[in-house]
Amino acid sequence: MKLDKIVNFLDKILKIRAHGGNSGLKITGRTKIRKIGGAVDLSLYAINHANRTGCDFLFTHHDAWSSTDAELAEKKSEFLRQFKISSYVSHDPLDLHSELGTAVSLARSLSWHISDSFLDNLGVIAEVTNVSTLEELIPHISAILGNNPYVLPAGRKIERVGIIAGWGARPKWMSEARAKGATTFLSGEAIHFGKLYARESGMNLILSGHYATELPAVKVLLDCIGKEFSIETELIVDKTSADL
């Protein structure tokens, strides 16, 4: 499969041009693509794994930004060029996608019905049925996402859950969910002020890890690519990132 066909497909479905120049094809490697890898982070593990397993194209949600990777950002780019692996990044376009988005994919992976969205699809409101307490809800989340979340209970009945994947438990964003009737907020991580807001506003807060909450969207996107081109794909599960 030709590189430009895959890039054009991703640019189109993710509406890359509408989100500025921070997403899209970052590094051009081999132009004939036989296998595509997908990962949350553009980590050293993901790059080396892609090389070992014959991936010609690596899709990641996170880039190796200088603000997050410091001097390692250029090192990672050098490895990709050395291995001739094309690198494609989609951060905001994937987060905000109405069908493939990180919050949308997370809710669907948990088999929850999405009833509303907020912040241009960065967040969704999910209706949770058959459970009413955190004690009933947490085992389900743990089983699907494969970890034990941090839980800050507020004693509220589980009805509507606000969801933003990744670093989504920020006071202003949680307030948007609360205004839409959410009594519980599910995200990946929070700093001090997100936890304080949950405590003071009376929202149950569940933090299941930045990596774990964004992985479902990468899997969904890889499935779309595989179906479109009948090409081999691999979801690269990075334990280095997952355990953080």
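The sections below set out a description of the structure shown in this document. Counting of residues starts from 1 at the beginning of each chain's written sequence and follows it residue by residue. Where local features are concerned, this predicted model is filtered to residues with pLDDT of at least 70; where side-chain atom pairs are given and counted, the filter is 80 or more; whole-chain, interface and lining totals use all residues. Here the side-chain values reflect all heavy atoms present in the structure, with hydrogen atoms and water set aside.

To continue, consider the sheet that holds strand S2 (residues 35–39). A strand pair is defined by DSSP finding two or more bridges across the two strands. We count a stretch as a helix when DSSP gives it H or I for four or more residues in a row; a strand needs E for two or more, and each element gets its number in order from the N terminus. Strand order across the open sheet formed by 5 strands is S1-S4-S3-S2-S11, with mixed pairing between neighbours. Edge positions in the sheet fall to strand S1 (24–27) and strand S11 (232–235), since each has one partner strand and no second. Each strand axis lies, on average, 25° off the axis of its neighbour in the sheet, ignoring direction. Both S2 and S11 contribute to a ladder of 4 bridges, which runs parallel. Bridge pairing in S11 links Lys35 to Glu232. Axes here refer to lines fitted to C-alpha atoms; in helices the fit is confined to the stretch in contact. Angles between the N-to-C directions go from 0 to 180 degrees.

One side-chain nitrogen of Lys or Arg within 4 Å of one carboxyl oxygen of Asp or Glu is enough to make a salt bridge. The tally for this structure, following the rule as stated, stands at 11 salt bridges. One salt bridge connects Lys76 with Asp69, and the closest N-O pair in it is separated by 2.4 Å. The residues Lys76 and Asp69 share a single accessibility class, namely buried. Arg108 is paired through a salt bridge with Glu99; the nearest N and O atoms lie 3.3 Å apart. Note on exposure labels: buried denotes an accessible area under 20% of the residue type's maximum, exposed denotes more than 50%, and partly exposed covers the range between, all computed with a 1.4 Å probe on protein chains only. Owing to a relative accessible area of 44%, Glu99 belongs among the partly exposed residues under this scheme. The network of salt bridges with common partners includes Arg30, Arg34 and Asp56.

A cluster of nonpolar side chains, namely Trp167, Ile191, Phe193 and Leu196, defines an oily patch on the protein surface of about 380 Å² accessible area. Its location among the elements puts Leu196 in helix H9 (residues 192–201). By relative accessible area, Leu196 is classed as partly exposed at 33%. Patches in this entry comprise residues that are over 30% relatively accessible and not in a salt bridge; like charges within 9 Å are linked, as are nonpolar side chains (Val, Leu, Ile, Met, Phe, Trp, Tyr) within 5 Å. The Shrake-Rupley method, run with a 1.4 Å probe sphere, supplies the accessible areas, and residue values consider only the shown protein chains as cover.

So, about the packing of helix H1 (residues 3–13) against helix H10 (residues 210–229). Where H1 meets H10, the axes come as close as 11 Å, and the angle between the chain directions of the two elements is 130°. When the interaxial angle is binned, H1 and H10 end up oblique. As for the relative orientation of H1 and H10, their crossing is right-handed in sense. Here Lys5, Ile6, Phe9, Leu10 and Ile13 of H1 come into contact with H10, specifically with Leu221, Cys224, Ile225, Glu228 and Phe229. When the residues that make up the contact of H1 with H10 are grouped by side-chain class, the tally is 8 nonpolar, no polar and 2 charged. For this classification, under 35 degrees means roughly parallel, over 145 means roughly antiparallel, 65 to 115 means roughly perpendicular, and everything else is oblique. Crossing chirality is assigned from the near helix's rotation relative to the far helix, an anticlockwise turn below a right angle marking it left-handed and a clockwise turn marking it right-handed. Between two residues, a contact is recorded if the distance between any of their heavy atoms is within 4.5 Å. Side-chain classes follow a simple rule in which Ala, Val, Leu, Ile, Met, Phe, Trp, Tyr, Cys and Pro form the nonpolar group, Asp, Glu, Lys and Arg form the charged group, and the remainder, Gly included, forms the polar group.

Below, the discussion takes up the environment of Asn204. Its location among the elements puts Asn204 in strand S10 (residues 204–207). Spatially, the C-alpha atom of Asn204 lies 16 Å from that of Ala165, the residues being 39 residues apart in sequence. Sequence-distant contacts of Asn204, defined by excluding residues within four places in its chain, comprise Leu134, Leu152, Pro153, Ala154, Gly155, Arg156, Ile158, Thr183, Thr184 and Phe185. There is a polar contact of 2.9 Å between the side chain of Asn204 and the backbone oxygen of Arg156. Pairs of N or O atoms within 3.5 Å make up the polar contacts considered here, provided that, within protein, one atom can donate a hydrogen while the other can accept it, and that residues adjacent in sequence are counted only when both atoms are side-chain atoms.

Nonpolar core, defined: a set of buried Ala, Val, Leu, Ile, Met, Phe, Trp, Tyr and Cys residues in which side-chain atoms within 4.5 Å join the residues together. Leu10, Leu14, Phe57 and Phe59 are the most contacted members of the largest nonpolar core, which has 24 residues in total. Broken down by element, this core gets its largest block of residues, 8 residues, from H10. Residues contacting Phe59, with those up to four places away along its chain left out, are Leu10, Leu14, Gly37, Gly38, Ala39, Tyr88, Ser90, Leu94, Val218 and Leu221.

Within helix H2 (residues 44–52) the residues assigned to the buried category are Ala46, Ile47, His49 and Ala50. Within H2, the buried residues cover an arc of 165° as seen down the axis, which keeps them to one side. As for H2, its buried residues are in contact with S2, strand S3 (57–60), helix H4 (72–83) and S11. Two residues or fewer past H2, Gly54 is found with a positive phi of approximately 80°. Arc definition: directions from the helix axis to the C-beta atoms.

Here we come to the pairing of S3. Residues Phe57 and Phe59 line one face of S3 and the alternating positions Leu58 and Thr60 line the opposite face, and both faces are buried. Remark: the S2/H2/S3 crossover connection has right-handed handedness. Bridge count between S3 and strand S4 (residues 86–89): 4 bridges; the pairing is parallel. Paired with Leu58 across the two strands is Ser87, which belongs to S4. Whether a crossover is right-handed depends on one test, that the path from the first strand over the helix to the second runs clockwise when the strands point away from the viewer.

With that settled, the discussion passes to the packing of aromatic side chains. Stacked, tilted and edge-to-face are the three classes assigned to paired rings of Phe, Tyr and Trp, where Trp is represented by its six-membered ring and a pair needs centres within 6.5 Å; plane angles under 30 degrees give stacked, over 60 edge-to-face, the rest tilted. Counted under the stated rule, the structure contains 4 aromatic pairs. Their ring planes at 15° and their centres at 5.9 Å tell us that Phe79 and Phe83 sit as a pair that is stacked. Of this pair, Phe79 and Phe83 both sit in helix H4, 4 residues apart, which is roughly one turn of that helix. Residue classification places Phe79 among the partly exposed positions, given a relative accessible area of 23%. Put simply, the rings of Phe57, Phe59 and Tyr88 touch in pairs and so form one group of aromatic residues. Two conditions define a charge located above a ring, namely a distance within 6 Å from the ring centre to NZ of Lys or CZ of Arg, and an angle within 35 degrees of the ring normal. Across from the ring centre of Trp167, 3.6 Å away, lies the NZ or CZ of Arg170, which sits over that ring.

Purely spatial values, then, with no claim about function.
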